[in-house]
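Architecture at a glance
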Amino acid sequence: MSGKKERNKERREKRLQEISLLRTIAYSDHQRWWSQETVAVVTGANRGIGFEIARQLAGHGLTVILTSRNISVGIEATKGLQEGGFSYDVHQLDILDGESISAFVEWIKQKYGGIDILVNNAGVNYNLGFDNSVEFARQVVDTNYYGTKNMIKAMIPAMKPSAAGARIVNVSSRLGRLNGRRNRIQDATLREKLTNLETLSEELIDRTVSSFLQQVEDETWQSGGWPQTFTDYSVSKLAVNAYTRLVAKELCDRPQGEKIYINCYCPGWVKTAMTGWAGNISPEVAADTGVWLSLLSDQAITGKFFAERREINF
Ligand code: NDP
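A brief structural summary. Owing to the predicted nature of the structure, the values given are computational and were not obtained by experimental measurement. (Residues numbered from 1 in each chain as written. Predicted model: local features only at pLDDT ≥ 70, side-chain atom pairs only at ≥ 80, totals over all residues. Heavy atoms only, no water.)

**Considerations on the packing of aromatic side chains**
Which entries qualify depends on this criterion: Working definition: a ring pair exists when centres of Phe, Tyr or Trp rings (six-membered ring for Trp) sit within 6.5 Å. Plane angles under 30 degrees give stacked, over 60 give edge-to-face, the rest tilted. Each helix is a run of DSSP H or I of at least 4 residues and each strand a run of E of at least 2, with the numbering of both proceeding from the N terminus. For each residue, the accessible area found with a 1.4 Å probe, counting protein chains only, is set against the maximum for its type, and the residue is called buried under 20%, exposed over 50%, and partly exposed in between. Both a distance and an angle decide whether a charge sits over a ring: NZ of Lys or CZ of Arg must be within 6 Å of the ring centre and within 35 degrees of the ring normal.
Taken as a whole and assessed by the stated rule, the structure comprises 10 aromatic pairs. Consider the rings of Phe212 and Trp226, whose centres lie 5.4 Å apart with planes at 70 degrees: the pair is edge-to-face. Of the two residues, Phe212 sits in helix α7 (residues 202-218) while Trp226 sits in the loop between α7 and α8 (231-251), which places them 14 residues apart along the sequence. Under the relative-accessibility criterion, Phe212 is labelled buried at 0%. Taking the centre distance of 5.4 Å and the plane angle of 25 degrees together, the rings of Phe305 and Phe314 count as stacked. Grouped by ring-pair contacts, the aromatic residues Tyr27, Trp33 and Trp34 constitute a single cluster. In this arrangement the basic side chain of Arg167 is found over the ring face of Trp33, its NZ or CZ atom lying 4.0 Å from the centre. One residue, Arg245, lies across the ring of Phe314, its end atom 5.3 Å from the ring centre.

What follows is the structure, encoded as structure tokens:
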């Protein structure tokens with residue numbers, strides 16, 4: 001391993017140790033804006049990072065709604081919470097299915113009157129190791145970007161007004177960084193347009209992913225200047241990141257008492273089904289920044305991208 005890689009690895013390990021220490025410190029009464037009446041929804045909560053985020057939020061005393069596209073699998077997963085004295089519920093939710101989303105929103109409004117926290121965790125990736133197949137590109141983009149976007153649009157009207165503000169956390173990836181040194185869109189003009197909040201728009205994000213999918217269909221994507229690693233996945237997460245910033249901008253004018261804060265984060269390389277259990281950290285550690293962002297009492301933070309509880313550049 002090169003000296004630089006070695007130093008980066010050491011830095012990361014030190015940071016993870018700091019975080020595991022921070023996790024042992026209980027939130028003070030002053031920081032705890034939530035109670036058992038606070039409702040958090042986690043998508044794709046039947047396994048992996050989503051289940052861990054749900055478990056940790058429930059451990060902090062919130063009411064957590066675990067959602068799963070297969071309800072039996074979701075119910076089975078909640079068995080892991082039965083011993084903890086947690087407050088939780090489970091509901092079917094397929095983020096690719098408009099009817100499933102509508103039914104979920106109706107149910108949550110009827111039963112809980114709305115929600116306080118939405119964690120968009122559900123996602124797919126069909127590449128492993130050094131693969132870079134785009135065979136499932138449409139499903140990857142539809143799930144990771146459009147599914148997340150549709151959930152945000154459907155849930156914002158169901159977010160309860162509160163003094164502390166509601167929160168949305170999108171589980172994203174460093175692979176979707178716009179301005180990373182490696183693995184980025186090659187077209188500097190497009191990068192600039194997607195970076196600049198004056199030119200960033202939903203239409204631009206949609207057009208960017210559509211252009212990628214069109215090139216996949218035409219089999220020309222390889223010369224299209226797209227990110228080189230896990231290209232379909234990187235494009236989908238790039239869109240999630242850009243959409244996070246856009247929504248934060250759109251929401252920032254809401255009056256006090258109706259604020260909604262939205263951020264995204266990269267959980268790291270995690271031992272879950274998605275990586276074939278080849279990651280270097282556990283789902284428990286990977287969930288930490290998502291839980292931390294869900295519970296932040298610092299209301300000024302919105303439209304940002306985090307990794308290991310630290311802000312990183314988009
Ligand atoms: P898993 O594959 O273990 O879990 C993915 C979850 O998403 C499953 O619950 C899955 O449900 C669910 N899901 C997929 N499609 C849908 C859908 N249409 N509707 C509802 N739920 C759906 O992966 P991870 O826990 O590793 O991934 C969680 C998130 O973290 C993803 O967004 C991923 O992109 C992100 N991430 C993961 C990294 C890693 O190293 N693992 C790195 C960076 C980001 P089902 O069980 O039914 O398939």
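Here the narrative resumes, following the displayed structure.
**Quick notes on the nonpolar core**
Quick note on the threshold: To qualify as a nonpolar core, a set must consist of buried Ala, Val, Leu, Ile, Met, Phe, Trp, Tyr and Cys residues joined through side-chain atoms within 4.5 Å.
Counting residues in hydrophobic clusters, the biggest one holds 49 residues, and the most contacted among them are Met155, Leu194, Ile205 and Phe212. Among the secondary structure elements, those contributing two or more residues to this core are β1 (39-42), α4 (98-112), α5 (137-155), β5 (166-171), α6 (188-195), α7, α8 and β6 (260-266). Looking at this core, the element that brings in the most residues is α8, giving 9 residues. Grouped together as the second largest cluster of nonpolar side chains are 32 residues, Leu16, Ala40, Leu62 and Leu66 included.

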